[in-house]
Amino acid sequence: MTDTNILPPKAKIVPKQLEKHGHVRTDNYYWLNERDNPEVIAYLNQENDYYRQATAHTKAFQEALFAEMKARIKEDDESVPYFYNGYYYITRFEKGKDYPIYSRKKGSLEAPEEIMFDCNEMAKGHAYFNLSGLSVSEDNVWASFGVDTVSRRQYTIQIKNLQTGEILPVKIENTTGGATWAADNCTLFYTRKDAQTLRSDTIYKHKLGTDTTEDALVFFEKDETFDVSVYKSKSKKYIIISSSSTLTSEYCMVLATTPDAKFNVFQKRTRGLEYSMSHFEDHFYIVTNKDKATNFKLMKTPETATTKENWVDVIPHREDVLLEDIDIFANYLVVSERFNGLNQIRIMPWSGADEYYLPFDSETYTAYTTTNLDFDTEVLRYSFQSLATPSSVIDFNMKTKAKTVLKEQEVLGGQFNKANYTEERVWATAQDGTQVPISMVYRKGLSKNGNNPTLLYAYGSYGATMDCYFSTVRLSLLDRGFIFAIAHIRGGEDLGRAWYDNGKLLKKKNTFTDFIDCSRFLIDSKYTSVKHLYAEGGSAGGLLMGAVVNMAPYLYHGVIAQVPFVDVVTTMLDETIPLTTGEYDEWGNPNQKKYYDYMLSYSPYDNVTAQEYPNMYISTGLHDSQVQYWEPAKWVAKLRVLKTDNNQLYLDTNMDAGHGGASGRFEAIKEIAKEYSFLLDLEGIKR
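A brief look at the structure comes next.

What counts and what doesn't
Along each chain, residues carry numbers from 1 onward, in the same order as the chain's sequence is written. This being a predicted model, a pLDDT of at least 70 is required before a residue's local features are given, and a value of 80 or more before pairs of side-chain atoms are given or counted; all residues contribute to the totals for chains, interfaces and linings. Each side-chain value is worked out from all heavy atoms of the structure, with water and hydrogens disregarded. By definition, any uninterrupted DSSP run of H or I lasting at least four residues is a helix, any uninterrupted run of E lasting at least two residues is a strand, and each is numbered from the N terminus. As defined in this context, the radius of gyration uses C-alpha atoms, and a globule is described by 2.2 Å times the residue total to the power 0.38. Only protein chains enter the accessibility calculation, which uses a 1.4 Å probe. A residue is then buried if its area is under 20% of the maximum for its type, exposed if over 50%, and partly exposed in between. Contacts are assigned to residue pairs with any non-hydrogen atoms lying within 4.5 Å of each other. A 1.4 Å probe and the Shrake-Rupley method give the accessible areas. Residues count as covered only by the protein chains that appear here. The charge count treats Lys and Arg as positive and Asp and Glu as negative. His and the chain ends do not count. By convention, charge coordinates are those of NZ in Lys, CZ in Arg, CG in Asp, or CD in Glu. Any pair of N or O atoms that falls within 3.5 Å is considered a polar contact. Within protein, one atom must be able to donate a hydrogen and the other to accept it, and sequence-neighbouring residues count only if both atoms are side-chain atoms. The aromatic pairing rule takes the rings of Phe, Tyr and Trp, using the six-membered ring of Trp, and pairs them if the centres are within 6.5 Å, calling planes under 30 degrees apart stacked, those over 60 edge-to-face and the rest tilted. In our convention, an over-ring charge means Lys NZ or Arg CZ found within 6 Å of a ring centre and within 35 degrees of that ring's normal. Two strands form a pair only when DSSP identifies at least two bridges running between them. Each cavity reported here is a set of points on a 1 Å grid over the protein atoms alone in which a 1.4 Å probe fits but cannot get out, each pocket an open set with protein on both sides within 12 Å along at least five of seven lines, and each lining residue one with an atom within 4 Å of a point. Grid points are joined across faces, edges and corners, and a volume is the space filled by probe spheres set on the points. Classification used: nonpolar for Ala, Val, Leu, Ile, Met, Phe, Trp, Tyr, Cys and Pro, charged for Asp, Glu, Lys and Arg, polar for all others including Gly. Note on terminology: pairs of cysteine sulfur atoms within 2.5 Å are recorded as disulfides. A fitted line through C-alpha atoms represents every axis, and for helices the fit uses only the stretch in contact; the resulting angles, taken between N-to-C directions, go from 0 to 180 degrees. Working definition: roughly parallel below 35 degrees, roughly antiparallel above 145 degrees, roughly perpendicular at 65 to 115 degrees, and oblique for all remaining angles. Each crossing gets its hand from how the near helix is turned against the far one by less than a right angle, where anticlockwise is left-handed and clockwise is right-handed. In what follows, salt bridge is the name for a side-chain nitrogen of Lys or Arg lying within 4 Å of a carboxyl oxygen of Asp or Glu. We define a nonpolar core as any set of buried Ala, Val, Leu, Ile, Met, Phe, Trp, Tyr and Cys residues linked to one another through side-chain atoms lying within 4.5 Å.

Focus: the overall build of the protein
Within the protein, the secondary structure is distributed over 12 helices and 37 strands. Radius of gyration (C-alpha) of the protein: 25 Å, near the 26 Å computed for a compact globule of 687 residues. Expressed along its principal axes, the backbone C-alpha trace of the protein runs to roughly 70 × 55 × 50 Å. Residues classed as buried in the protein amount to 58% of the 687 residues present. In the protein, 56% of the contacts between residues at least 6 apart in sequence involve partners at least 24 apart. Counting only carbon and sulfur atoms, one obtains 48% of the accessible surface of the protein, whose full area is about 27900 Å². The averaged location of the 92 negative side-chain charges in the protein is 2 Å from the averaged location of its 76 positive side-chain charges.

Below you can see the structure in the form of structure tokens.
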């Protein structure tokens, strides 16, 4: 266990009075938001040194865990090729290398490989590297791509000639990385960010052969609660600008063949109206919540009349089925739905012939359509995995119903057999009577004696669904006796849109109490006990962790909070911080007193009190653009002063990374090894 002779650092106290609505808060650690202050960097380094010293006894175990996890991964792996516009596209990895290689083959998989981007070469000299937004022109000559070497999701777009290999001197700074080529193979549309808030707010177009200073502004989103993006329709006919907030959508479009023409609004924004549209032949197909369709429905409208009064139902709204997405083919409409918390893929022939659903037997699985870029095919590509079943990519012939498994994720080492694991879905009763599903996986032969170490994971915000997924690294816990469980709490969209609506704004506390009630269920059902229950969440899931350790710290032996959003009130009052204004529909606007008071009642940082807390491992990244590093730093500083126990409390700051952690695939595993060694050490498991 931890060397108790090592003393943790203490951040200096500099009281700052924060007043709103006649209420005054005192923030002793507000100064930690000064990223360029040498004292701030020194404090973060002191915390890192303390973490390293206090866990030095686990260092060898961390390294062994890393080696064990890495040994299960097929290092020289590659994606299933997909065919688009005359080329097969492949992403592959080489043994011992951290980053992907993007390549293509013309016309046939037997054709010579053309390496478009070798990210291993491009990443040299950078502590962090990410390539994103790869877009190839329709003549297959030009590729635009975005590069981030800081991890603040501010990408520099560049353009490469795929025939000559030349990268043009053009550098477009401060973008999302994504871009879209018009049909003329000369005009590139891209999205820029506000330099301070990092909100994607402008669409520009660049012409090959011109300087970026000549790029034309196409669209500016003045509403600070909206973000914008630009893409091309699957039909290739339209360039489309999306402008959206949490509750409202708006799209503009122009023919891809006339990129200099004016964009036309598809349907003017109406607060509360959400929609997305797909073009097919002479119609648009629209997934929308129009007419109070809480779980969304499918409508269509002619190309020539796109406003909502022209929309007609194709699939009506259903109270018990969430319509998530569609894929359109020449002869089939494929609908992605969710019923009782489980994915469904529905095949609907345009001919009117019998529709049907793909059969799935498990209750702890995830199935979703993947890369389906061609209209004129009878083959649907989808992916399937479960908590104990490795991910597979499947081609399904919608006419013959023949299924071809193109690839199943390999688990190396010769030790894995999915028959050795049990998957289970159970239901916990929340304090208001709501039934909350929990998905679990564990080694067969487990006894419900209350002695099983259990890691309970959840997120619970933004309507994000926490589907069951397979993980090779997780085997390092399962094979040492752990139960891994996902709590599908309100705030996600696991059981439909109402599930989300009942876990946000002034109902946000349902997210926290659901998690606590799921924890109690696992304890009462003898899966585990207080001595062996651990909780984990990241980002908004880190907010969840912060809330539950304030509300019910006695339920958990340890907690992992990754890049946690814990200083809710201060962050949501600061409109200069990235993402803040766009979050009002999720958390509420604290400039209104009712939201201020409600946020203040659960904000983890504001509710730290003198009580015992579980053992805690908290991670962050200095360059995080989503949750600023100072939130967990302030939280830890306050916990150190107020908590009344001697339990472990670690702040581990990656000084080179941001919200997503380390960029290399093996560096990311090292971070997981740190988390697992924290849990296993608490359990007294040394190997």
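Read on for the rest.
So, the side chain of Arg490
Among the structural elements, Arg490 can be located in the loop between strand 33 (483–487) and helix 5 (497–501). Of the polar contacts made by the side chain of Arg490, one reaches the side chain of Thr434; its length is 3.3 Å. Engagement of the side chain of Arg490 in a polar contact is seen with the side chain of Asp514, the distance being 2.8 Å. Not counting residues within four places of it along the chain, the set of residues in contact with Arg490 comprises Ala430, Asp432, Thr434, Gly460, Trp499, Asn502, Gly503, Asn510, Thr511 and Asp514.

Side note on the packing of aromatic side chains
The relation between two aromatic rings is expressed through the spacing of the ring centres and the mutual angle of the planes. Following the criterion strictly, the structure yields 36 aromatic pairs and no others. Seen in terms of ring centroids, Tyr50 and Tyr650 are 6.0 Å apart; in terms of plane orientation they differ by 50°. Their pairing is tilted. Within this pair, whereas Tyr50 is found in helix 1 (residues 38–54), its partner Tyr650 is found in strand 37 (residues 649–654), the two being separated by 600 residues in sequence. Per residue, the accessibility class of Tyr50 equals that of Tyr650, and both read buried. Judged by centre distance (5.9 Å) and plane angle (40°), the rings of Tyr617 and Phe678 are tilted. Of this pair, Tyr617 sits in strand 36 (residues 615–621) while Phe678 sits in helix 12 (residues 665–682), placing them 61 residues apart in sequence. Ring pairing ties together the aromatic residues Tyr238, Tyr251, Phe266, Tyr275, Phe284 and Trp311, which thus form one cluster. A cation over a ring is seen here: Lys160 above Phe117, with NZ or CZ 5.0 Å from the ring centre. Directly above the ring of Tyr356 sits Lys401, whose terminal nitrogen or CZ lies 4.1 Å from the centroid.

Quick notes on helix 10 (residues 593–602)
Within the span of helix 10, buried status applies to Tyr595, Tyr596, Tyr598, Met599, Leu600 and Tyr602. On the buried face of helix 10, the contacting elements are strand 1 (16–20), strand 2 (23–27), helix 6 (509–524), helix 7 (540–551), helix 8 (568–573) and helix 9 (584–587).

Thoughts on the pairing of strand 18 (residues 275–280)
In terms of strand pairing, strand 18 meets strand 19 (residues 283–288) through six bridges, oriented antiparallel. In the strand pairing of strand 19, Ser278 is matched with Tyr285. Connecting strand 18 to the antiparallel partner strand 19 that follows it, the hairpin turn spans two residues, and Glu281 within it adopts a positive phi of roughly 55°.

Re empty space enclosed by the protein
Applying the stated criterion across every chain, the model contains three cavities of 30 Å³ or more. Looking at the largest cavity, it is lined by 15 residues, and the ones nearest its centre are Gly341, Leu342, Ser439, Asp467 and His488. Broken down by class, the residue content of the lining of the largest cavity amounts to six nonpolar, four polar and five charged.

What about the state of the cysteines?
Each disulfide is one covalent bond, formed between the sulfur atoms of two cysteines. Applying the stated criterion across every chain, the model contains zero disulfides. Note on Cys518: no disulfide assigned, nearest cysteine sulfur contributed by Cys468 at a separation of 13 Å.

A few points about the packing of helix 6 against helix 7
Relative placement of two packed helices is described by the angle separating their axes and the distance separating the axes. As a packed pair, helix 6 and helix 7 sit with axes 9 Å apart at the nearest point and diverge in direction by 65°. Put simply, helix 6 runs roughly perpendicular to helix 7. Crossing handedness for the pair helix 6 and helix 7: right-handed. Counted together, Thr511, Phe512, Thr513, Phe515 and Ile516 of helix 6 and Leu543, Leu544, Met545, Ala547, Val548 and Met551 of helix 7 form the full contact between these two elements. Of the residues in the contact of helix 6 with helix 7, the class split is nine nonpolar, two polar and no charged.

Comments concerning the environment of Val627
Mapped onto the fold, Val627 is located in the loop between strand 36 and helix 11 (630–642). Between the C-alpha atom of Val627 and that of Pro564, which follows or precedes it by 63 residues, the distance is 6.9 Å.

Quick look at the pattern of salt bridges
Summed over all chains, the structure comprises 45 salt bridges. Between Lys407 and Asp77 there is a salt bridge, and its shortest N-O distance comes to 2.8 Å. Here Lys407, found in strand 29 (residues 403–408), pairs with Asp77, found in the loop between helix 2 (59–71) and strand 3 (82–84); they are 330 residues apart in sequence, far enough to count as distant. Overall, Lys407 belongs to the partly exposed group, its relative accessible area being 25%. Note on Asp77: relative accessible area 24%, which makes it partly exposed. Among the ionic contacts, a cluster of salt bridges with common partners joins Glu274, Glu493, Arg497, Asp501 and Lys504.

Comments concerning the environment of Val147
Turning to its location among the elements, Val147 is positioned in strand 8 (residues 142–148). Owing to a relative accessible area of 13%, Val147 belongs among the buried residues under this scheme. Spatially, the C-alpha atom of Val147 lies 35 Å from that of Ala56, the residues being 91 residues apart in sequence. Non-local contacts of Val147, meaning those with residues more than four positions away in its chain, are made with Met122, Phe129, Asn130, Gln154, Tyr155 and Thr156.

As for the nonpolar core
Judged by nonpolar contacts, the single largest core of 109 residues is most densely connected at Ile438, Leu456, Phe515, Tyr556, Met616 and Trp635. With eight residues, the single largest contributor to this core is helix 12.

Notes on the sheet that holds strand 27 (residues 379–386)
Strand order in the open sheet formed by four strands is 26-27-28-29, with antiparallel pairing between adjacent strands. In the strand order of this sheet, the two ends are held by strand 26 (365–369) and strand 29, each with one partner. For this sheet, the mean angle separating the axes of adjacent strands, direction not counted, is 25°. Examined bridge by bridge, strand 26 and strand 27 share five bridges and lie antiparallel to one another. Note that in strand 27 the partner of Thr366 across the bridge is Gln385.

Side note on the sheet that holds strand 36
Strands sit in the order 30-31-33-32-34-35-36-37 across an open sheet of eight strands; the sheet is mixed. The two strands at the open ends of the sheet, each matched to only one other strand, are strand 30 (421–429) and strand 37. The mean angle between the axes of side-by-side strands here comes to 20°, regardless of whether they run parallel or antiparallel. By the bridge criterion, four bridges tie strand 31 (residues 435–443) to strand 33 in an arrangement that is antiparallel. Counted as the bridge partner of Val441 is Phe484 from strand 33. Helix 7 rests against strand 34 (533–538), strand 35 (558–562) and strand 36 of the sheet, and its axis sits at about 140° to strand 34. The strands touched by helix 11 within the sheet are strand 35, strand 36 and strand 37, with strand 37 carrying the most contacts at an inclination of about 160°.

Observations concerning the side chain of Ser392
Assignment of secondary structure puts Ser392 in strand 28 (residues 392–397). Beyond its immediate sequence surroundings of up to four residues, Ser392 is in contact with Tyr382, Ser383, Phe384, Val405, Lys407 and Glu408.

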